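Letter by letter, the chains look like this.
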Amino acid sequence: MKIAVVGTGYVGLVTGTCFSETGNEVTCIDIDQKKVEKLTNGEITIYEPGLEKLFLRNLKEERLRFTTNLEEGIKDAQIVFLALPTPPGEDGSADLRYILGVADHIGKLLTDYKVIVDKSTVPVGTAEKVHAAIAKNCKVEFDVVSNPEFLREGVAVDDFMKPDRVVIGTSSEKAKKYMSDLYAPFVRSGNPVIFMDERSAELTKYAANSFLATKISFMNEIAQLCERLDADVDMVRRGIGSDERIGKRFLFPGIGYGGSCFPKDVQALVKSSTEVSYDFQILNAVMDVNEKQKLHLLPKVRKFFKGDLKGKHFALWGLAFKPNTDDIREAPALYIIDALLAEGATVTAYDPEAMNNVKSVIGDKIQYAESQYDALAGANALIIATEWNEFRTPDFLKIVSNLKSKVIFDGRNLFEVDAIGELGFHYESIGRPAAVKK
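Just so it is clear, the structure is predicted and the values come from calculations on it, not from any experiment. (Residues numbered from 1 in each chain as written. Predicted model: local features only at pLDDT ≥ 70, side-chain atom pairs only at ≥ 80, totals over all residues. Heavy atoms only, no water.)

A separate point is the UniProt feature "domain: UDP-glucose/GDP-mannose dehydrogenase C-terminal" (unreviewed entry) in the chain. Feature annotation in UniProt assigns "domain: UDP-glucose/GDP-mannose dehydrogenase C-terminal" (unreviewed entry) to the following positions: residues 315-417. Summarising residues 315-417: 26% helix, 17% strand, and an end-to-end C-alpha distance of 20 Å. (UniProt positions renumbered as here; feature names shortened; annotations may be inferred. Helix = DSSP H or I, 4+ residues; strand = E, 2+ residues; numbered from the N terminus.)

Dropping the structure here:
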C-alpha cells in the first residue's frame, strides 16, 4: 500500500519506518526542512533501539522517503496518518492546533478517496473535529479513523512489529477494509485487531496510560508505607505481583514516572473529565503522588548531610526519564537537579544518551561526564535516577576510588540492600531498609 505519515517525531518516524518494513511505500512529511534533509541523508533524528537498522534498510530500498511538501506527500497515498504533537495547554487539555491545522490543509488537497488516521493521542471527539476540518474544504469521499499508538519508548520497534493488540476506531466498512489489510502482516500470530467506534478508541489510549500510571503511583505509595512500617517493598511487590489479577508489570517503585505520554495523558483525561462535570478523583491523586515522588530522595539526602547541602557535590547517574531513550520530558532527574542547585550543591551527571538533550535545556548549570565513573570524581554521594542496564552491575571498586565517601541514594532500587551493605556503603533506596555504614 501507499502510505503517508504527517509528522516525523517519535511516533511518526517509528510508524513510517515500521510500515515500510512490511513492503509499503511510505512518505513521511514534516515542515522542518533541516530534519527532512537529515532523514533523507540517512541521519536518524531520535534514539530508539532497533529503529536505525530498519530505517536505513528501507531508505536504501526506496520504500521510505521524506518531504516537506504536504500535497506531494499525500497525493498517491491511500492512507494518511496524522502523527502530530498534542502538547498540554496551560489548563492541561491537549492542544489540537497542529492536527486541525493539517486537517484543514488536507481538505483543500484531496482529489480521491483516502483514509485519514489520527495516530496521535487525542481527546475524545477529535475524529469528529478532524472530519469537520477536512470536510469544510473537501468535495470527495474520505473517512477519518482513530488508531491510537501503544508504543513504549525503548522497545517501540518490537511493540509496533508485534503488537499486543491494534485498536481501530471507525464506523466505515470501507476504512475498516483498508486498515485490516494494512495491519494484517503485524498480527499473523493471532493478536487481535479490535474495531470499535472512534470515541471509544480515543478513550482507550487515555485509559490504558492512566491505568499504568495509577499502578506506578500506587506502588510508590506502598513504598512510602514500607519505609514507615519497616517493611520491604520488594517483598510486597513479589507477593502481590504473583496474583494474575494484578500482574508483575509496572509494580516497581521509584522516583515517579515521566516522559511524553503518562504525564500529558493523565492530565488530559482529567481535563476531559472536568469538561463533562466529572471529578476523576483517582487520577488527581495519581498526579499528586507522582509530583511528590520525583523528589522523594531529597529528604533522605538532606538528613544524611544534616540539613546542609551547600557546597556538597553530587554525582548523578541517569538523566532520561527511563532507560533506552534520550527523552527527558518530565524526567525526575531534572527535578532533582533543580532542587540540589537551589540548596547550593553542585552536580556532575552522566547518561548514555540524554546528555545533549539536557544541555540544550539547562546548559552549563551542571557538569557532564564522559563515563559513569568520571561522574563520581570528588562527589560526596552518588544519586541514581535512571535504571540503565550498565548501572546495574557497576565496578564497586571504581565507585569507592572515585567517591569522597561511600554514599549512594538509589531512586530505582538497582542494588540488593544486604550485598551493598556488606561492601560498606551507606545506601538508601525506595521502600526498603537502608544499609547504614558502620
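Before going further, it helps to spend a moment on the pairing of strand E6 (residues 142-146). Among the five residues that make up E6, five are buried, leaving the element largely enclosed by the rest of the structure. Pairing of strand E5 (residues 114-118) with E6, which is carried by five bridges, proceeds in the parallel orientation. Counterpart to Lys114 in the pairing with E6 is Phe142. The β-α-β motif built from E5, the intervening helix H6 (residues 126-135) and the parallel element E6 has right-handed crossover chirality. (Buried < 20%, exposed > 50% of the residue type's maximum accessible area, 1.4 Å probe, protein only. Pairing = 2+ DSSP bridges. Right-handed = clockwise from strand over helix to strand, strands pointing away.)

Note on soluble globular proteins: their nonpolar side chains tend to be buried together. The biggest cluster of nonpolar side chains holds 61 residues, and the ones touching the most others in it are Phe314, Leu316, Leu319, Leu340 and Ile383. Ranked by residue count, the leading element in this core is helix H14 (residues 332-342), at six residues. When sequence neighbours within four positions are dropped, the list of residues in contact with Leu316 reads Ala333, Ile337, Val347, Thr348, Ala349, Tyr350, Ile383 and Ala385. Core analysis: the second largest hydrophobic core is formed by 39 residues, Val36, Phe66, Phe81 and Val166 among them. (Core = buried A, V, L, I, M, F, W, Y, C linked by side-chain atoms within 4.5 Å. Contact = heavy atoms within 4.5 Å.)

Within the structure shown, the criterion is met by 23 salt bridges. Notably, a salt bridge pairs Arg152 with Asp159, separated by 2.7 Å at the nearest N-O pair. On the accessibility criterion, Arg152 (34% relative accessible area) is partly exposed. A single network of salt bridges, built from pairs that share partners, joins Asp104, Lys108 and Lys136. (Salt bridge = Lys/Arg side-chain N within 4 Å of Asp/Glu carboxyl O.)

The next subject is the pairing of strand E12 (residues 381-384). What you see with E12 is no split at all: Ala381 and Ile383 on one side and Leu382 and Ile384 on the other are buried throughout. Where strand E9 (residues 313-317) and E12 come together, four bridges link them in parallel fashion. Note that in E12 the partner of Trp317 across the bridge is Ile384. Bridge count for E12 against strand E13 (residues 407-410) is three bridges, and the pairing is parallel. Looking at the pairing, Leu382 lines up with Ile408 of E13. One crossover worth recording links E12 to the parallel E13 by way of helix H16 (residues 396-402), and it is right-handed.

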